[in-house]
Amino acid sequence: MNFTLPEDLREMQAAVRGFMLEVVEARAREIEDTNRVPPELLRGAAELGLFGLSIPEEYGGVGLGALGRCAVYEALGQGHMGFGGVISAHASIGTSGLVRLGTEEQKRRFLPRMASGECIAGFAITEPSSGSDAANIRTRAERRGDVYVLNGTKHYISNAPVAGLLTVIAVTDPARGTRGMSAFLVEPGRTPGVTIGKIDEKMGQKGSLSAEVIFEDAEVPAANLLGPEHLGYREALGILTNGRVGIAARATGAMQRLLDLSVAHAKTREQFGQPIAEFQAVQFMLAEMEVAIQTSRLLWQKVAWMVDEGQDVRRMASVAKLYATEMLSQVADKAVQVAGGMGYMKDSPVERYYRDQRLLRIYEGTSEIQKLIIARDLLA
Amino acid sequence: MKILTLVRQVPDAEARVKISGGQVDLEGATLVMDGMDEYGVEEALRLREGGAAVEEIVALATGPKRVEDALRTALAMGVDRAIHVETDQALDPIALSRVVAQVAQAEGVSLILVGGQEADWDSQALGAATAERLGWPQLTWTNELALEGDTLTGRHDVDDGNESFRVPLPAVVTTQQGLNEPRYPTLPNIMKAKKKELRKDTLDAYGAAPTVRVVGSDIQTRARLNKMIDGKDPQAAAAELLDLLRNEAKVIA
């Protein structure tokens, strides 16, 4: 047993943390006010290699395994969560389907441009009528000669307004139920019949843009079918399963940042003639935050290791995602409390984290869905 | 031409160090490449990227096994290969200069970049001592460098201001904040650095036994006056503050 991250991964964490805290954080207020990530920051992320995290080296990526990716996600979580959201929607769920199921031709066509950040990716499964009930997908894909014709509406699709490529899940054979769904590689800007709706106005995670994606007789080349036809719902959800470990790692990073901010504040903020860190009420909150961080970190590290070992992580990925994101909400709440009035002000990153973190308990499977996955696996 | 850039591993500026058994205890402290040396590594890379005929950039470090991490950072930034003279002995700058000078000769380098002031010793002796051993000119506290053929030009700080210089290589150059903005190693380059050569060497080959021995260490603590000014009357408070700054702290005229 060795709990030390390899040196190269620690080095990567330091590089990403430095970029997030020094370069991105300096523009955080601008991202909040405009709901846009400045293009220079995206270029900086591309130079750093963030868009190629999960793409094999032969296609221009960094080629990290699950442990490496999650180590980077933890560092990413220590900075602006909207910015981190753009990267993780691309590098995690946006990319992993193509890497896992793509043909050599498909990989050559898309992955190098995705690794360089030229083509930002997203994953489109959610529909107005199928959120947690993901099996209730209505979007249809009908084969007509060399094309599939897609009709339907996806919504809340992260990165859709900036995406060069979306992995879209659609029904190819309604008679087969959950075994009649397929995945498609869709290039929104280059496919007539695909419209990106207006940008969603979210509570937080500014700069990470989501929108509706509307398909009206959109013709997708048959060569863009990802994986086998009717590959089914479970395989499609495999893309989400691995993404969940990454969310747990990002949540851990966010908690670490909140604790760092809280400790710094508690040591310098004086009330009743002494730093508030001297008060046990504050000390207890800091201690509880630390426990949440240590336990969440152990969980993501274990699940990432399991993924790299080729083990089935369906249950454990949910355990990690559920736990780390629920803990993050508690930690963010405590961080606001430690910061007091300052923690409620827009100038404080604590206020931003408090809004941003809430989404992690909802997307890529709500906490309740994670519990269902865990319980069903226990009772199977 | 080849460039040698010296790399030291020191506690992060925000690290809290402890003293145990009269020595600085780095257990648990975050260790990083000395910021002063980062400027040297960055400048070597920039000289090459700027079109100078730099054939190879070599990073050198001495110290215990952990120092490898700092060398890997240099490799990830873009240095071609690294040499680690592994030893648990602490070398004072004069002893260290013996290693640097010999490596420079063995490797046939014509430019040596070292940090102007080391965060571990806080001395400014290494560059000067290395130049002395080699009989090379040294340029200290540089804030601008350019290389054309075998001629190095640039600017550096002197007591009364700033000088421009021109010097034929070989030379020793000491670096400082303001020379450049060191790059972050990119993730693909961190991966590539794992495959670059990091040669291990032992100290005995250099006859560089330290003559200075550290017999004790203390953490410097500064007692604060904690003088509070009553702010009820803002004008009186401002006047009192001015008086204190002028006559007690003597920071304003």
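Residues numbered from 1 in each chain as written. Chains lettered and ligands numbered in written order. Predicted model: local features only at pLDDT ≥ 70, side-chain atom pairs only at ≥ 80, totals over all residues. Heavy atoms only, no water.

A short note on the overall build of chain B
Which entries qualify depends on this criterion: Secondary structure elements are taken from DSSP: a helix is a run of H or I of four residues or more, a strand is a run of E of two residues or more, and numbering for both begins at the N terminus. Throughout, exposure labels follow a simple rule: accessible area from a 1.4 Å probe, protein chains only, divided by the maximum for the residue type, with under 20% read as buried, over 50% as exposed, and the rest as partly exposed. The contact definition used throughout considers only heavy atoms, calling two residues in contact when any of these lie within 4.5 Å. Note on areas: Shrake-Rupley with a 1.4 Å probe; residue coverage comes only from the protein chains shown. By the counting scheme adopted, Arg and Lys are positive, Glu and Asp are negative, and His together with the chain ends is not counted. Here the site of a charge means atom NZ of a Lys, CZ of an Arg, CG of an Asp or CD of a Glu.
Tallying secondary structure elements over chain B gives six helices and 13 strands in all. C-alpha atoms of chain B, sized along the principal axes, occupy 70 × 45 × 40 Å. Taking all 253 residues of chain B together, the buried fraction comes to 45%. Partitioning the contacts of chain B with sequence separation of at least 6, the portion at a separation of at least 24 is 68%. In the structure as shown, chain B presents an accessible area of about 13700 Å², 48% of it carried by carbon and sulfur atoms. Of note, chain B has its 28 positive side-chain charges centred 4 Å away from the centre of its 40 negative side-chain charges.

A word on the domain arrangement of chain B
The test is simple: Where a domain begins and ends is set by an automatic assignment or by a domain database.
Domain assignment breaks chain B into domain 1 (2-206) and domain 2 (222-253). Each of domain 1 of chain B and domain 2 of chain B has a C-alpha centre, and the two are 43 Å apart.

Points about the interface of chain A and chain B
Operational definition: In the sections that follow, a salt bridge refers to a side-chain nitrogen of Lys or Arg positioned within 4 Å of a carboxyl oxygen of Asp or Glu. Here a polar contact is recorded for every N or O atom pair within 3.5 Å, except that within protein the pair must consist of a potential hydrogen donor and a potential acceptor, and residues adjacent in sequence are included only if both atoms are side-chain atoms.
Listed as interface residues are 21 residues of chain A and, on the opposing side, 12 residues of chain B. Counting across the interface, chain A meets chain B through three salt bridges. Two residues, glutamate 57 of chain A and lysine 195 of chain B, come together in a salt bridge whose shortest N-O distance is 3.7 Å. Summed over the shared surface of chain A and chain B, the result is five residue pairs in polar contact (both at pLDDT 80 or more). Looking at the side of chain A that touches chain B, the element that brings in the most residues is helix α1 (residues 7-24) of chain A, giving 11 residues.

Brief notes about the sheet that holds strand β7 (residues 81-86) of chain B
Pairing between the strands of a sheet comes from backbone hydrogen bonds, and it takes one of two forms, parallel or antiparallel. All names here are of chain B. As a reminder of what qualifies: When DSSP finds two or more bridges between a pair of strands, those strands are recorded as paired. Axis geometry follows a simple rule: fit a line to the C-alpha atoms, using only the stretch in contact for helices, then measure angles between N-to-C directions, giving values from 0 to 180 degrees.
Here we have nine strands laid out as an open sheet, ordered β11-β10-β9-β12-β8-β1-β6-β7-β13, and mixed in their pairing. One side of each edge strand has no neighbouring strand; the edge strands of this open sheet are β11 (161-168) and β13 (198-202). Each strand of the sheet is rotated relative to its neighbour by a mean of 30°, with strand direction disregarded. In the sheet, strand β1 (residues 2-6) pairs with strand β6 (residues 56-63) via five bridges, with the strands oriented parallel.

Some thoughts on the environment of valine 54 of chain B
All names here are of chain B. Counting through the fold element by element, valine 54 comes out in the loop between α1 (35-49) and β6. Separated by 10 residues in sequence, valine 54 and alanine 44 have C-alpha atoms that sit 8.6 Å apart. Residues in contact with valine 54, not counting those within four places in the same chain, are Met1, Ile3, Leu47, Arg48 and Leu147.

As for the packing of aromatic side chains
For any pair of aromatic rings, geometry is given as the distance between the ring centres together with the angle between the planes. All names here are of chain A. Inclusion rule: Two aromatic rings from Phe, Tyr or Trp, using only the six-membered ring of Trp, form a pair when their centres are within 6.5 Å; if the ring planes differ by under 30 degrees the pair is stacked, by over 60 it is edge-to-face, and anything between is tilted.
Counted according to the given criterion, the structure contains three aromatic pairs over all chains. Both rings, one in phenylalanine 19 and one in phenylalanine 83, keep their centres 6.0 Å apart while their planes meet at 55°; by these two values the pair is tilted. On the criterion of sequence distance, the pair formed by phenylalanine 19 in helix α1 and phenylalanine 83 in helix α5 (residues 81-101) is long-range, its members being 64 residues apart. Summarising the burial analysis for this pair, phenylalanine 19 and phenylalanine 83 share the class buried. Between the aromatic rings of phenylalanine 272 and phenylalanine 279, the centroid separation amounts to 6.3 Å while the plane-to-plane angle is 85°, which identifies the pairing as edge-to-face.

Some thoughts on the pattern of salt bridges
This structure, assessed with the given rule, holds 42 salt bridges over all chains. A salt bridge links aspartate 8 of chain A to lysine 194 of chain B, with the shortest nitrogen-to-oxygen separation between them at 2.9 Å. Of this pair, aspartate 8 of chain A sits in helix α1 while lysine 194 of chain B sits in the loop between α5 (187-193) and β13, each in a different chain. Looking at aspartate 8 of chain A, the relative accessible area reads 11%, which means it is buried. Between arginine 46 of chain B and glutamate 42 of chain B there is a salt bridge, with its nearest N and O atoms 2.6 Å apart. Of the two residues, arginine 46 of chain B and glutamate 42 of chain B are both situated in helix α1; the distance of four residues between them amounts to about one turn of the helix. Judged by relative accessible area, arginine 46 of chain B falls into the partly exposed class, the value being 36%.

Side note on the side chain of serine 130 of chain A
Residue and element names in this part refer to chain A. On the secondary structure map, serine 130 appears in the loop between β1 (120-124) and β2 (140-144). Among the residues examined, serine 130 registers a relative accessible area of 1% and is labelled buried. Here serine 130 is in contact with Ile125, Asn136 and Ile137, once residues within four sequence places are set aside.

Let's talk about the pairing of β1 of chain A
Residues and elements named next belong to chain A. With five of five residues buried, β1 is to be regarded as a mostly interior element. Neither face of β1 is exposed, since Ile120, Gly122 and Ala124 on one face and Ala121 and Phe123 on the opposite face are all buried. Examined bridge by bridge, β1 and strand β4 (residues 163-171) share five bridges and lie parallel to one another. Within the sheet, the bridge partner assigned to phenylalanine 123 lies in β4 and is threonine 167.

Regarding the domain arrangement of chain A
Residue and element names in this part refer to chain A. For clarity, the cut-off: A simple way to read buried area is as the amount of 1.4 Å-probe accessible surface that goes missing from two parts once joined, with both sides added.
The domain boundaries assigned to chain A delineate domain 1 (7-115), domain 2 (120-230) and domain 3 (234-379). Between the C-alpha centres of domain 1 and domain 3 there is a distance of 20 Å. Counting residues at the interface gives 26 residues for domain 1 and 32 residues for domain 3. When the two sides are added together, the surface that domain 1 and domain 3 hide from each other amounts to roughly 2300 Å², 57% of it contributed by carbon and sulfur. Sorting the residues of domain 1 by area buried against domain 3 places Glu74, Met81 and Ile93 first, and these three jointly supply 28% of that buried surface. Summed over the shared surface of domain 1 and domain 3, the number is five salt bridges. Its salt-bridge partner being arginine 257, residue glutamate 25 comes within 3.3 Å of it at the nearest N-O pair. Taken together, domain 1 and domain 3 are joined by 15 residue pairs in polar contact (both at pLDDT 80 or more). Listing elements by their share of the side of domain 1 that touches domain 3, those giving two or more residues are α2 (28-34), α4 (66-77) and α5. For the side of domain 1 that touches domain 3, the leading source of residues is α5, giving 10 residues.

Brief notes about a nonpolar patch on the surface
Residue and element names in this part refer to chain B. To be explicit about the condition: Two joining distances apply to patches: 9 Å for like charges and 5 Å for nonpolar side chains (Val, Leu, Ile, Met, Phe, Trp, Tyr), and every residue must have over 30% relative accessible area and no salt bridge.
A cluster of nonpolar side chains, namely Val17, Ile19, Val24 and Ile219, defines an oily patch on the protein surface of about 280 Å² accessible area. Relative to the assigned elements, isoleucine 219 resides in the loop between β13 and α6 (234-248). Residue classification places isoleucine 219 among the partly exposed positions, given a relative accessible area of 42%.

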